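# Remarks on the overall topology
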Amino acid sequence: MNPWVTFKVALRALLRNKTRSGLTMLGIVIGVSAVIAMVAIGEGAKVKVAQAFDAMGTNLLIVMSGSTQGGGMRGGAGTMPTLTWGDLASVRTEVSSVKYAAPVCQTGASIQSDEQNWTTMIVGTSLDYFAIRNWAIDKGALFSQADIDSGSKVLVMGTTVAEKLYGAGVDPTGRTIRVRGSPFQIVGLLTSKGQSPMGQDYDDAVVMPVTTFRAKIQGGLAQYIPGVVFVGATSSKTTSRAQRDIEDLLRDRHHLQPGIESDFSIRNLSELAGASQQGTQVMTSLLAAVAAVSLLVGGIGIMNILLVSVTERTREIGVRMAIGAKPRTILAQFLVEALTLAVMGGVVGIGLGIFVAQRLAASFQWPLLIRGDIIVLAVGFSAAIGIGFGLYPAWKASRLDPIDALRYE
Amino acid sequence: MATGEQPIEPNVLLRLDGVTKVYSLGDGVEVHALRGVSLTVHTGEFVAVMGASGSGKSTLMSLLGCLDRPTSGAYFLEGRDVSRLSRNELADVRNRTMGFVFQSFNLLSRTSAKENVELPLLYAGASTKVRKERAMEALGRVGLADRSNHHPNQLSGGQQQRVAIARALVNQPRILLADEPTGNLDSRTSIEIMALFQELGRSGITVVVVTHEPDIAAYATRVVMMRDGRVVDDHRQVPLAAVVPPATVEDVEGGVLAGGAP
Ligand SMILES: Nc1ncnc2c1ncn2[C@@H]1O[C@H](COP(=O)(O)OP(=O)(O)OP(=O)(O)O)[C@@H](O)[C@H]1O
Ligand SMILES: [Mg+2]
């Protein structure tokens, strides 16, 4: 009997019991859609985390005053500053694997427009900062090197701040706001960057020349940088080398003997990103494993139903054998029944899985990532389950003795 | 006469030679269902097998139908020894040579009469077109062409049995084997079935029927009596012509054999 006829016979048998076939398929539908949706969620989370780290800056190293234990992103609050402007210049010019280096001084402060006031982060830095962080200007212009040299009272504004002060969609460039009592001109509006991996809003900040920051916002010792240094390595491959080179250079400049702990620390953001990626990878695998178990349960459901069906259809099998069905024809019919259930369940499951993944991606605002290989894998797996779990019932059916089967009550 | 070459005798369709069948029930308990049956059946014969319950009639039928193999002895079917064939080979022999009719009809439920009748052709590998044509032809032969789309639960017992007969005939078998085909039918419907069998006999199909009722056996051309797994009597007779009594109003619905006697 040719495969197409076998398929038609199997399909007819399945259609004779639509409810049961549908319910059996449901197990596979749920399993396959769960696998697809879970993997899509995991992949989406991974990309989301990667995007968040990209937003912090590419190939980013952060050099901080104080040892590894002390300080933090805020620029070593509570620690004595140890990084000098000379250190910054050396790192920027003398280390070959370093492309950019910028001082980053920041403090929280209240700023006032004519009608509103808003407490936000004030950042004082140089032009390299925008290159390291891939942060572009949306409206207006960036302040210039001349502004930095002269300490002009200008700043560029993050979108959240602009929204809070002037409302959504309003271009704030050209307006004047007061920071710590001094009037500042808004020269540019930054593009939106979204949230940090820790959920902090990058756009809730204003950025001004570091010279202005020191003169008007927060002073400090002339020689030392009252904050941290952001370093952009030449490429993602050179970040680790840049880290070692900077370490060596600064230890040398600070005259630290071997064995003495450094009075500064360097954070490698790509390592942090890697660790975070690993976390989401583990999550993805876990979700996929749970989904795979449900697929397995679906397979056992198929076996269960087919076993019942073989018993229930014993007489039918006897009749089919009496009129000329060979044992292997019966085996093929039941196998194809199992395979049809599994593959149809798989196909419906793909549809449902993609639908669920879409809804989840939309509600989490994640990118939708349907992996083609996972779809192929899920359907292949459900087909394998169909054959694997269909084999035993089908074999049982084919071993039936026609006389016994015909006599079966 | 033993194994080996079977002398080709004209018109001999099948020949059993000292066939026995022993069922083992485990623990050394054995049931001797057949204790050496020798039987020759010619083409076109209408044989009625009779005997008390447990005498081995059904066992004999399943051996004749190649549903099972004898414990010992030989079975020549159209000159070929089929007593030692494999399960797959027996399936082929059944498909090409046999038609079965059972006491309990054994139609596939929730499946139309036409699809039930098509089934043997499906296993024979016939094309869709041939299947449709032959199934309709067979249903026409049993007078049920107008019921081809009905499911078994929409048919009377007599109609179901006629669908089963159509299914048995659709592959143009040499032998039709019927184990108590009228056991579940009233006498009027039984006579209709017998008329149908007699017609088949005239068209060259050999019919073997197991029955408990002498009235039914009277329509056969030959009666084989069994007792305790042995044939105790075997005689030919002039068959009674199966004439269906005039139909009452309700019987018209049941459907009288299409075409009737030639
Ligand atoms: N599969 C089997 N296993 C064991 N014993 C069996 C089997 N089939 C039949 N027998 C035994 O073989 C003997 C003959 O049985 P068979 O069914 O051929 O009788 P029968 O003449 O058809 O009877 P009935 O008129 O009641 O149908 C019985 O004693 C029965 O118990
Ligand atoms: Mg019997």
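About the criteria used
- Residues numbered from 1 in each chain as written.
- Chains lettered and ligands numbered in written order.
- Predicted model: local features only at pLDDT ≥ 70, side-chain atom pairs only at ≥ 80, totals over all residues.
- Heavy atoms only, no water.
- Core = buried A, V, L, I, M, F, W, Y, C linked by side-chain atoms within 4.5 Å.
- Buried < 20%, exposed > 50% of the residue type's maximum accessible area, 1.4 Å probe, protein only.
- Helix = DSSP H or I, 4+ residues; strand = E, 2+ residues; numbered from the N terminus.
- Contact = heavy atoms within 4.5 Å.
- Near = heavy atom within 4 Å.
- Polar contact = N/O pair within 3.5 Å; in protein donor to acceptor, adjacent residues only side chain to side chain.
- Salt bridge = Lys/Arg side-chain N within 4 Å of Asp/Glu carboxyl O.
- Pairing = 2+ DSSP bridges.
- Axes fitted to C-alpha atoms, helices over the stretch in contact; angles between N-to-C directions.
- Domains from an automatic or database assignment.
- Arc of directions from axis to C-beta.
- pLDDT = per-residue confidence, 0-100.
- Buried area = accessible area lost by both parts, 1.4 Å probe.
- Nonpolar A, V, L, I, M, F, W, Y, C, P; charged D, E, K, R; others polar.
- Parallel < 35°, antiparallel > 145°, perpendicular 65-115°, else oblique.
- Left-handed = near helix turned anticlockwise from the far one by under 90°.

Take the nonpolar core next. Formed by 42 residues in total, the largest nonpolar core has its most connected members in Phe46(B), Val117(B), Val163(B), Ile165(B), Leu176(B), Met194(B) and Phe197(B). Mapped by element, the contributors of at least two residues to this core are strand S3 (46–51), helix H3 (113–124), helix H4 (128–141), helix H5 (157–169), strand S7 (175–179), helix H6 (187–202), strand S8 (206–210) and helix H7 (214–217) of chain B. For this core, the element with the most residues is H6(B), which contributes seven residues. Ignoring anything within four residues of it in the chain, the contact list for Ile165(B) reads Val101(B), Val142(B), Ile193(B), Leu196(B) and Phe197(B). Judged by nonpolar contacts, the second largest core, of 39 residues, contains Val95(A), Val98(A), Ala162(A) and Leu250(A).

Further remarks concern the site of ligand 1. Neighbouring residues of ligand 1: 15 residues in total, closest Ser53(B), Gly54(B), Lys57(B), Ser58(B) and Thr59(B). Around ligand 1 the close residues trace back to chains A and B. Interatomic distance of 2.5 Å between a side-chain N/O atom of Ser53(B) and an oxygen atom of ligand 1. Between ligand 1 and Gly56(B), the relevant distance is 3.0 Å, taken from an oxygen atom to a main-chain nitrogen or oxygen of the residue.

Enumeration according to the criterion identifies 22 salt bridges over all chains in this entry. The partner of Arg313(A) in a salt bridge is Glu316(A), with the nearest N and O atoms 3.1 Å apart. Classification of Arg313(A) as buried rests on a relative accessible area of 12%. Ionic pairing is found between Asp68(B) and Lys21(B), a salt bridge with its closest N-O pair at 3.3 Å. With Asp68(B) in the loop between helix H1 (57–64) and strand S4 (72–77) and Lys21(B) in strand S1 (residues 12–24), the pair connects residues that are 47 residues apart, well separated along the chain.

Residues and elements named next belong to chain B. The six strands lie next to each other as S6-S7-S8-S3-S9-S10, forming an open sheet whose pairing is mixed. Among the strands making up the open sheet, the edge pair consists of strand S6 (98–102) and strand S10 (230–236). The mean inter-strand angle of the sheet, taken between neighbouring strand axes irrespective of direction, is 15°. In terms of strand pairing, S3 meets S8 through four bridges, oriented parallel. From the neighbouring strand, Val47 faces S8, where its bridge partner is Val208.

We now examine the domain arrangement of chain A. The assigned domain composition of chain A is domain 1 (3–52 + 277–407) and domain 2 (81–262). The centre of domain 1 of chain A, based on its C-alpha atoms, is set 56 Å off from the matching centre of domain 2 of chain A.

Here we come to helix H3 (residues 85–94) of chain A. All names here are of chain A. Of the positions making up H3, those classed as buried are Asp87, Leu88, Ser90 and Val91. Around the axis of H3, the buried residues are gathered within 165° of arc, so they sit on the same side. Looking at the buried side of H3, the elements it contacts are strand S2 (98–112), strand S9 (228–233) and helix H8 (239–253).

Before going further, it helps to examine the confidence of the model for chain A. Here chain A averages 87 in pLDDT, and 96% of its residues register 70 or above. Counting contacts from residues 70–78 of chain A, a segment whose pLDDT is below 50, to residues more than four positions away or on other chains yields 12 contacts.

How big an interface is tends to be reported as the loss of accessible area on association of its parts. Counting residues at the interface gives 25 residues for chain B, matched by 28 residues for chain A. For the pair chain B and chain A, the summed buried area comes to about 2500 Å², and 54% of that belongs to carbon and sulfur atoms. Seen at the junction of chain B and chain A, the total is two salt bridges. Residue Glu115(B) pairs with Arg12(A) through a salt bridge whose shortest N-O separation is 3.6 Å. Remark: the boundary between chain B and chain A carries 11 residue pairs in polar contact (both at pLDDT 80 or more). Elements that contribute at least two residues to the side of chain B that touches chain A include exactly helix H2 (87–97), S6, H3 and H4 of chain B. Here the element with the most residues in the side of chain B that touches chain A is H2(B); it accounts for six residues. Here the residues of the side of chain B that touches chain A are counted per class, giving nine nonpolar, eight polar and eight charged.

Another point: the packing of helix H1 (residues 3–15) of chain A against helix H11 (residues 327–364) of chain A. Two quantities define a packed helix pair, namely the angle between the helix axes and the distance between the axes. Residue and element names in this part refer to chain A. Closest axis-to-axis distance for the H1/H11 pair is 8 Å, and the angle between their directions is 65°. The pairing of H1 with H11 is recorded here as roughly perpendicular in orientation. When you trace H1 past H11, the crossing you get is right-handed. Side by side, H1 and H11 meet where Thr6, Phe7, Val9, Ala10, Leu11, Ala13 and Leu14 of the first sit next to Ala332, Gln333, Val336, Glu337, Thr340 and Leu341 of the second. Split into classes, the residues belonging to the contact of H1 with H11 amount to nine nonpolar, three polar and one charged.

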